[in-house]
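Residues per chain are reported as follows:
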Amino acid sequence: MKIGYARVSTVDQNANAQRDALAAAGCARVIVDQVSGAAVKRPKLDKLLDDLKPGDVLTVWRLDRLGRSLPHLIEVVRDLEGKGAHLQSLTEGIDTTTAQGRLTFHLMAALAEFERALIVERTQAGLQAAKKRGVVVGRPRRLTAAQIKHARKLIDAGESPASVASSLSVDRSTLYRAMK
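Here the structure is a predicted model, which means the values were calculated and not measured. (Residues numbered from 1 in each chain as written. Predicted model: local features only at pLDDT ≥ 70, side-chain atom pairs only at ≥ 80, totals over all residues. Heavy atoms only, no water.)

Enquirer: Residue-level account of the overall build of the chain, with values.
Expert: Each helix and strand in the chain was counted, giving 7 helices and 5 strands. When its helices and strands are written in sequence order, the chain yields β-α-β-α-β-α-β-β-α-α-α-α. Relative to the 2.2 N^0.38 estimate, which gives 16 Å for 180 residues, the radius of gyration of the chain is 27 Å and therefore markedly larger than a compact globule would have. Overall size of the chain, expressed as C-alpha extent along the three principal axes, is 80 × 35 × 30 Å. Per-residue burial for the chain yields a buried fraction of 32% across its 180 residues. Contacts in the chain between residues at least 24 apart in sequence constitute 63% of all its contacts with a sequence separation of at least 6. For the chain, the distance from the average site of its 29 positive side-chain charges to the average site of its 19 negative ones is 10 Å. (Helix = DSSP H or I, 4+ residues; strand = E, 2+ residues; numbered from the N terminus. Rg over C-alpha atoms; globule rule 2.2 N^0.38 Å. Buried < 20%, exposed > 50% of the residue type's maximum accessible area, 1.4 Å probe, protein only. Contact = heavy atoms within 4.5 Å. Lys, Arg positive; Asp, Glu negative; His and termini not counted. Charge placed at Lys NZ, Arg CZ, Asp CG, Glu CD.)

Enquirer: Report on the nonpolar core, specifying residues and quantitative values.
Expert: For soluble globular proteins, the rule of thumb is that nonpolar side chains tend to be buried together. Of all hydrophobic cores here, the largest spans 22 residues; its most connected members are Tyr5, Leu48, Leu52, Leu58, Leu66, Leu80 and Leu87. The biggest single contributor to this core is helix 3 (residues 70-83), with 5 residues. Those residues in contact with Leu58 that lie beyond four places of it in its chain are Ile3, Tyr5, Leu48, Leu49, Leu52, Leu66, Leu80, His86, Leu87 and Gln88. (Core = buried A, V, L, I, M, F, W, Y, C linked by side-chain atoms within 4.5 Å.)

Enquirer: Any details on a nonpolar patch on the surface? Residues and values, ideally.
Expert: Together, Leu127, Val135 and Val137 line one region of the surface with nonpolar side chains, adding up to about 200 Å² of accessible area. Within the secondary structure, Val137 sits in the loop between helix 4 (99-132) and helix 5 (145-156). (Patch = residues over 30% accessible without salt bridge, like charges linked within 9 Å, V, L, I, M, F, W, Y side chains within 5 Å. Areas by Shrake-Rupley, 256 points an atom, 1.4 Å probe, with all protein chains shown as cover. Salt bridge = Lys/Arg side-chain N within 4 Å of Asp/Glu carboxyl O.)

Enquirer: Quick one: what's the story with helix 7 (residues 172-179), residue by residue and with numbers?
Expert: Among the residues making up helix 7, those that are buried are Thr174, Leu175 and Met179. Seen along its axis, helix 7 keeps its buried residues to an arc of 130 degrees; they face one direction. Turning to helix 7, the residues buried within the fold contact helix 5 and helix 6 (161-167). (Arc of directions from axis to C-beta.)

Enquirer: Go over the packing of helix 5 against helix 7, please, and point to the residues and values.
Expert: Following both chains from N to C, one finds helix 5 and helix 7 inclined at 105 degrees, their axes separated by 10 Å at the closest point. Regarding the angle of helix 5 to helix 7, the classification is roughly perpendicular. Every residue of helix 7 that contacts helix 5 at Ile148, Ala151, Arg152 and Ile155 is listed here: Leu175, Ala178 and Met179. Partitioning the contact of helix 5 with helix 7 into residue classes produces 6 nonpolar, no polar and 1 charged. (Axes fitted to C-alpha atoms, helices over the stretch in contact; angles between N-to-C directions. Parallel < 35°, antiparallel > 145°, perpendicular 65-115°, else oblique. Nonpolar A, V, L, I, M, F, W, Y, C, P; charged D, E, K, R; others polar.)

Enquirer: Could you give me a rundown of the layout of surface pockets, with the residues and numbers involved?
Expert: Approximately 320 Å³ is the volume found for the largest pocket. Taken together, Arg139, Pro140, Arg141, Arg142, Leu143, Ile148, Val170, Asp171, Thr174, Arg177 and Ala178 make up the full set of residues lining the largest pocket. It is helix 7 that contributes the most residues to the lining of the largest pocket, 3 residues altogether. Its residues placed into classes, the lining of the largest pocket shows 5 nonpolar, 1 polar and 5 charged. (1 Å grid on protein atoms, 1.4 Å probe; cavity = no way out; pocket = protein on both sides within 12 Å on 5 of 7 lines; lining within 4 Å. Points joined across faces, edges and corners; volume = space filled by probe spheres on them.)

Enquirer: Give me the lowdown on the packing of helix 3 against helix 4, citing residues and values where you can.
Expert: Remark: helix 3 packs on helix 4, axes separated minimally by 10 Å, with the N-to-C direction vectors making an angle of 140 degrees. Here helix 4 runs oblique to helix 3, going by the angle between their axes. As for the relative orientation of helix 3 and helix 4, their crossing is left-handed in sense. On helix 4, the residues that touch Leu70, Leu73, Ile74, Val77, Arg78 and Glu81 of helix 3 are Phe105, His106, Met108, Ala109, Ala112 and Glu113. Here the residues of the contact of helix 3 with helix 4 are counted per class, giving 8 nonpolar, 1 polar and 3 charged. (Left-handed = near helix turned anticlockwise from the far one by under 90°.)

Written as structure tokens, this is what we have:
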């Protein structure tokens, strides 16, 4: 069975164009979500994905209506494949019920994975270059060396670590980590 999924982001938008395209594509029913594309939780989509059976085809007007990102979209398609269901995108012409559609989608997935690997490599290279230039990477330290030395003296003199931490406006755990 073909089941349509449409999504609009705001109250001002309506899903009529998506509904019409999905109905024209032969969808037996159309589920409409009104939620931001970046939202992690999409209750209607989650229920729809749970209810799919082998041979069902999840049809969308455009891929961006379904996935938050390409990795999320790939995850959805893998879940569909695991259930024996398929994906059809009307605008992009992707139909995983055909060999060509599966190939197209898997090429997109491979390119997305490649791009993600390049991003990680560039990030690591940038961090290494910054360290070589002497840039301190990471969160700034809360306590200076002088503050840590002063805190040690106070604690050695009998002051409680909790009161010393409080006087330095840090948590006790931050003080302990700094003193290691």
